[in-house]
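Inside the fold
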Amino acid sequence: MASGHSMKKLCLELSCPICLEYFKEPLSLSCGHNFCQSCLDQCWEGKEASCPQCREKVQEGDIRPNRQLAKVVEIVKELGSQKAEEKGSICQKHQEPLKLFCKDHETPICVVCDKSKEHKNHKVIPLDEASKEYKDQIWNFLETLKKEREKIPVYKADAARESQDLLKKTQREKDKTAAAFRRMHQCLEEQERNFLAKMEEVEKEISAKGEEHLARLSEELSSLSKLIQEMEEKLQQPASELLQVRPRLSPWVAETSSLAIIQSLAVTFILINRLL
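Only a predicted model underlies this, so the values are computations on that prediction, with no experimental measurement involved.

Attention shifts here to the overall build of the protein chain. Counting secondary structure elements, the protein chain contains seven helices and six strands. Element order for the protein chain, N to C, with α for helix and β for strand: α-β-β-α-β-α-β-β-α-β-α-α-α. Looking at the protein chain as a whole, 16% of its 276 residues qualify as buried. Counting contacts in the protein chain only where the partners sit at least 6 residues apart, residues at least 24 apart contribute 37% of the total. Roughly 22,300 Å² of accessible area belongs to the protein chain as shown, and the carbon and sulfur atoms make up 56% of that amount.

This is the structure we're talking about:
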């Protein structure tokens, strides 16, 4: 307890009265008080220079660096750091070195802990032995990880190769599909050409038949016109002459009219059927 109290007092003596932390670049004044250089600069900014602790006026020549104090501060810092490191290997409950390891609780213990009820009937081994076991486990696990790491490039190469194979297969399927559609297009285009050619032939035939039909109708129209003219002339003849032509006129007129109608209808049906 006395050692801890003394250490606490020493830490207070090595602390700046302004920032309450260890001195940083300590400066000594003529009055004997010490402060951090940065703390004094802040206190004296725009003010008259005086000791922040006793208010004694300070001249420029009364300020000097305290290098010895700075070294003591560094030494105390190192001691504090070293003590903190040692504290981790000491049992906080019994202040004894942690030389054993409880496997049940998986924690380092001291010889007093080993005899306590808390660790009664627990499996306890020396700390060094436990450390070796854990190091062996870590080593084995490390070896496993290294082996797995060695497999990864192989897996990567296999994956890349499989990916390339799939890409090639996909490309082949694309080419096959494109070729099939090209053949279908060619077949459809050929069928289209054949159908259009047949339609052109039908159109030509329809046109020829239509012209033929029109020509025949024109001829019949001309014949009928002549016949009408003759009939009109006959009407101008005397009754005795008009009655002489009657027996040969009626059958001829009937035959001519029926033939023209039948021919016209036949041609019309033929054109419609071929068009459909």
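Having seen it, we continue.
Either a parallel or an antiparallel arrangement is found when strands of a sheet pair, and the pairing is made through backbone hydrogen bonds. The three strands lie next to each other as 2-1-3, forming an open sheet whose pairing is antiparallel. For this open sheet the edge positions go to strand 2 (34–36) and strand 3 (64–65), each flanked by a neighbour on one side alone. Of the pairings in the sheet, the one linking strand 1 (residues 26–28) to strand 2 comprises three bridges and is antiparallel in character. Bridged to L27 within strand 2 is F35. Contacts from helix 2 (residues 37–44) reach strand 1 and strand 2 within the one sheet, and its direction differs from that of strand 2 by about 90°.

Reading across from one edge, 5-4-6 is the order of the three strands in this open sheet, with antiparallel pairing throughout. The open sheet has two edge strands with one neighbour each: strand 5 (107–109) and strand 6 (124–126). Across this sheet, the average inter-strand angle for adjacent strands is 40°, counted without regard to direction. Relative to strand 5, strand 4 (residues 100–102) is paired through three bridges, and the arrangement is antiparallel. Residue C102 lies in a different strand from strand 5, and its bridge partner there is T107. Running at roughly 90° to strand 6, helix 5 (residues 127–235) makes contact with strand 4, strand 5 and strand 6 of the sheet.

It is worth spelling out the side chain of S50 at this point. Relative to the elements of secondary structure, S50 occurs in the loop between helix 2 and strand 3. We classify S50 as buried; its relative accessible area is 17%. Not counting chain neighbours up to four residues away, the residues in contact with S50 comprise W44, R55, E56, K57 and V58.

Cut-offs used in this document
- Residues numbered from 1 in each chain as written.
- Predicted model: local features only at pLDDT ≥ 70, side-chain atom pairs only at ≥ 80, totals over all residues.
- Heavy atoms only, no water.
- Helix = DSSP H or I, 4+ residues; strand = E, 2+ residues; numbered from the N terminus.
- Buried < 20%, exposed > 50% of the residue type's maximum accessible area, 1.4 Å probe, protein only.
- Contact = heavy atoms within 4.5 Å.
- Areas by Shrake-Rupley, 256 points an atom, 1.4 Å probe, with all protein chains shown as cover.
- Pairing = 2+ DSSP bridges.
- Axes fitted to C-alpha atoms, helices over the stretch in contact; angles between N-to-C directions.

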